[in-house]
Amino acid sequence: MPNQPTPVVLRGGTVLTVDATHTVLPGHDVLVVGETIAAVGPGLAVPEGTVEIDATGGIVMPGMIDTHRHMWQTAMRGYGADWTLTQYFVWYYLEWGKLFRPEDVHAGNLLSALEAIDAGVTTTVDWSHGLQTPEHADAAVDALAAVPGRFVLAYGNLQDAPANWTASPGFRDFVTRRFPNGRGDDMLGFQLAFDVLGDPTFAERPAFEVARELGVPVTTHAGVWGATGDEGIRQMYEHGFMTPETVYVHSASLSPDSYHRIAATGGSVSVATESEQSAGQGYPPTWALRAHGIPVSLSMDTSVWWSADLFSAMRTTLGADRSREHLEAHAKGETVTNSSLRAAQVVEWATRGGARALGREDRLGSVEVDKLADLVLLKNEQSPVMFPLLHPHGHVAFQAQRGDVHTVLVNGRVVKTDHQLVGADLAGARREAERTVEYLRAQLGEEAWEKGMHPDVPESGGLENPYMYSDYRRAGAQEVQ
């Protein structure tokens, strides 16, 4: 079959299956035939012509899955490093977000899609709330289609009310043209992305009804301090719009009652720990989600602030959860002697948890026979960080970096090997991003550009005398005399 990828075998790696029991298989091969995993075992016999990749000393794991990334903002990488959430809202929602042209959305999506694959993120939900027109939406999809990854377009428009843009003829025409079968396919899925503000009129209801009519899931920023909270969850629940497919992003400042509603209706939460720690949506909620039995996936939010790899997500999530556990114990005069959240759990959240959130756990998220071959090999013979390999899940969560991603397969095809993306036009992506930066900088003007990137630092009122014991030696000497 000419369209079938060449068989590939990853030889002799430590395989993190991320199956139901977190099985680890040292010295095992993974054989990929066509789009699926054909066999896992030691010393596998393979078809003639199979491409062999030496995984000895490395870790073979499922491709990671990011369930919430504003890909269109990536051309502004790092611009908002010192922002709070308020400054982000002002810049994108009120002042400058409306300046983004379709080509700027394309530039951001293209760059983001490439960096996702480069970091071993084989599936990304493009939380695309910059789609002001159908032309913006077409640009977003065109960019995703140009990169050999697995993506989900979560369509949104932060410049208009959800009830308005979901009812527009342009939106309907876009869906008919680009997603004629409704949800899309294995490589490009479709969702709706909008927030529920808690207005007494439940103004978002028509948008939910459109999602129900189209048969597509909704992803929503919930539990964002000062923006979306318990009232929105209550409205969704009482009107029957909380479903097992609903993904609640952040959910960091909700009441126990809201967590109970999410748990009871089978939804999941996308935790973006770097974002929640820095921007102020609320404390990363994994401690509460675990207590309520709510499924978790991980996400990176936006490169306008933070890193774009799930190694950072795993690391910061473990740190935040354990930090809270220690803090609460210390407040009671107690000591934590065993950590509740383990490395294997966050590795699962970064892989199988994302598959579960997208309703794809039967085909994605673990290294098991007959599942789709989205695989990552972590191996870096030039790095002292990749040996010794003692605790494989812990190594992924705390030691590995995106630079250790040696090989990536998506749908059975090698899209990165020997630390290099295959066939990627990085120069073209760079030119697009540079044109977007040049355009936006010219539109803002130099003063607004610099002010946006460097917001005011609040005045710090320090203690009147923070060094009140600085004269202790002299005082002691006087007493001796």
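Residues numbered from 1 in each chain as written. Predicted model: local features only at pLDDT ≥ 70, side-chain atom pairs only at ≥ 80, totals over all residues. Heavy atoms only, no water.

Undergrad: Would you mind showing me how to read the pairing of strand S7 (residues 121–128) here?
TA: Moving residue by residue along a regular strand, the side chains alternate between the two faces of the sheet. The buried fraction of S7 is high, at 8 of 8 residues. Where strand S6 (residues 64–69) and S7 come together, 4 bridges link them in parallel fashion. For Arg-69, the partnering residue across the bridge sits in S7 and is Asp-126. As paired strands, S7 and strand S8 (residues 150–155) are joined by 6 bridges and run parallel to one another. Its bridge partner lying in S8, Thr-124 is registered against Phe-151. (Buried < 20%, exposed > 50% of the residue type's maximum accessible area, 1.4 Å probe, protein only. Helix = DSSP H or I, 4+ residues; strand = E, 2+ residues; numbered from the N terminus. Pairing = 2+ DSSP bridges.)

Undergrad: Quick question: what am I supposed to make of helix H7 (residues 230–238) here?
TA: An α-helix turns once per 3.6 residues; consequently, residues spaced three or four apart project the same way. Residues of H7 that are buried include every one of Gly-232, Ile-233, Gln-235 and Met-236, and no others. The buried residues of H7 occupy an angular sector of 160° when projected down its axis, which confines them to one face. Looking at the buried positions of H7, the neighbouring elements they touch are helix H6 (205–214), strand S10 (218–222), strand S11 (247–250) and helix H8 (256–265). A positive phi of about 80° marks Gly-240, the residue just after H7. (Arc of directions from axis to C-beta. Contact = heavy atoms within 4.5 Å.)

Undergrad: So what exactly am I meant to see when it comes to the packing of aromatic side chains here?
TA: Two measures describe an aromatic ring pair: the distance that separates the ring centres and the angle between the ring planes. Inspection of every chain in the model, using the stated rule, returns 28 aromatic pairs. Grouping aromatic residues by their ring pairs yields a cluster made of Trp-72, Tyr-79, Trp-83, Tyr-88, Phe-89, Trp-91, Tyr-92, Tyr-93, Phe-100, Trp-305, Trp-306 and Trp-449. A cation over an aromatic ring shows up here: Arg-324 above the ring of Tyr-283, its NZ or CZ 5.3 Å from the ring centre. Taking NZ or CZ as reference, Arg-324 lies 3.5 Å from the ring centre of Trp-287, over its face. (Phe/Tyr/Trp six-rings, centres within 6.5 Å; stacked < 30°, edge-to-face > 60°. Lys NZ or Arg CZ within 6 Å of the ring centre and 35° of its normal.)

Undergrad: I tried to follow the sheet that holds S11 on my own but got confused; where do I start?
TA: Spatially, S6-S7-S8-S9-S10-S11-S12-S13 is the arrangement adopted by the 8 strands of the open sheet, whose pairing is parallel. Looking along the sheet, the strands with just one partner apiece sit at the ends: S6 and strand S13 (296–298). Averaged over all pairs of adjacent strands, the angle between strand axes in this sheet comes to 25°, irrespective of strand direction. In this structure, S10 lies alongside S11, joined through 4 bridges in parallel fashion. Residue pairing in the sheet places Thr-220 in a bridge with Tyr-248 of S11. (Axes fitted to C-alpha atoms, helices over the stretch in contact; angles between N-to-C directions.)

Undergrad: I keep staring at unusual backbone geometry and nothing clicks. Help me out?
TA: Of all residues except glycine, most have a negative phi; of all peptide bonds, most are trans. Note that the residue after Phe-387, namely Pro-388, is joined by a cis bond; omega there is -5°. Mapped onto the elements of the fold, Pro-388 is located in the loop between strand S14 (375–378) and helix H14 (392–399). One non-glycine residue, Val-18, lies in positive phi territory at about 50°. Its location among the elements puts Val-18 in the loop between strand S1 (8–16) and strand S2 (24–33). Its relative accessible area of 1% is what places Val-18 among the buried residues. Despite not being glycine, Ser-251 has its phi angle at roughly 50°, a positive value.

Undergrad: How should I be thinking about the pattern of salt bridges in this particular structure?
TA: Any two side chains of opposite charge can pair, so long as their charged atoms come close to each other. According to the stated counting rule, one finds 33 salt bridges in the structure shown. Between Arg-234 and Glu-231 there is a salt bridge, with the nearest N and O atoms lying 2.3 Å from each other. Of this pair, Arg-234 and Glu-231 both sit in helix H7, 3 residues apart, roughly one helical turn. By relative accessible area, which is 33% here, Glu-231 ends up partly exposed. Salt-bridge contacts for Asp-257 lead to Arg-261; the nearest nitrogen and oxygen are separated by 3.0 Å. Of the two residues, Asp-257 and Arg-261 both sit in helix H8, 4 residues apart, roughly one turn of that helix. For Arg-261, a relative accessible area of 16% corresponds to the buried category. In this structure, a network of salt bridges that share partners links the residues Glu-348, Arg-352, Arg-356, Glu-361, Glu-368 and Lys-371. (Salt bridge = Lys/Arg side-chain N within 4 Å of Asp/Glu carboxyl O.)

Undergrad: Sorry, what's going on with the side chain of Thr-124 here?
TA: Within the secondary structure layout, Thr-124 lies in strand S7. When its relative accessible area of 0% is taken as the criterion, Thr-124 is described as buried. Look past the residues within four positions of Thr-124 in its chain and what remains in contact with it is Asp-66, Arg-69, Met-71, Ala-116, Arg-150, Phe-151 and Val-152.

Undergrad: What am I meant to see in helix H2 (residues 102–118) here?
TA: Between the first and last C-alpha of H2 there are 24 Å, a value that for 17 residues agrees with the 24 Å anticipated at 1.5 Å per step. Across the 17 residues of H2, 13 count as buried, placing the element largely inside the fold. Downstream of H2 by a residue or two, Gly-120 has a phi angle that is positive, lying close to 80°. (Expected span 1.5 Å × (residues − 1).)

Undergrad: How should the packing of helix H3 (residues 134–145) against helix H5 (residues 169–178) be read in this particular structure?
TA: Any two packed helices are characterised by how steeply their axes cross, that is the angle between the axes, and by the distance between the axes. Running from amino to carboxyl end, H3 crosses H5 at an angle of 25°, the nearest separation of the two axes being 9 Å. The pairing of H3 with H5 is recorded here as roughly parallel in orientation. The two elements H3 and H5 meet at a crossing, and its hand is right-handed. Across from Pro-134, Ala-137, Asp-138, Val-141 and Asp-142 in H3, the residues of H5 making contact are Gly-170, Phe-171, Phe-174, Arg-177 and Arg-178. When grouped by side-chain class, the residues that make up the contact of H3 with H5 number 5 nonpolar, 1 polar and 4 charged. (Parallel < 35°, antiparallel > 145°, perpendicular 65-115°, else oblique. Left-handed = near helix turned anticlockwise from the far one by under 90°. Nonpolar A, V, L, I, M, F, W, Y, C, P; charged D, E, K, R; others polar.)

Undergrad: Can you walk me through the pairing of strand S12 (residues 268–271) in this structure?
TA: Judged by which residues are buried, S12 turns out to be covered on both faces: Ser-268 and Ser-270 on one side and Val-269 and Val-271 on the other are all buried. Sheet analysis places S11 next to S12, joined by 3 bridges and oriented parallel. If you follow Val-249 over to S12, its bridge partner there is Ser-270. Examined bridge by bridge, S12 and S13 share 3 bridges and lie parallel to one another. Paired with Val-269 across the two strands is Val-296, which belongs to S13.

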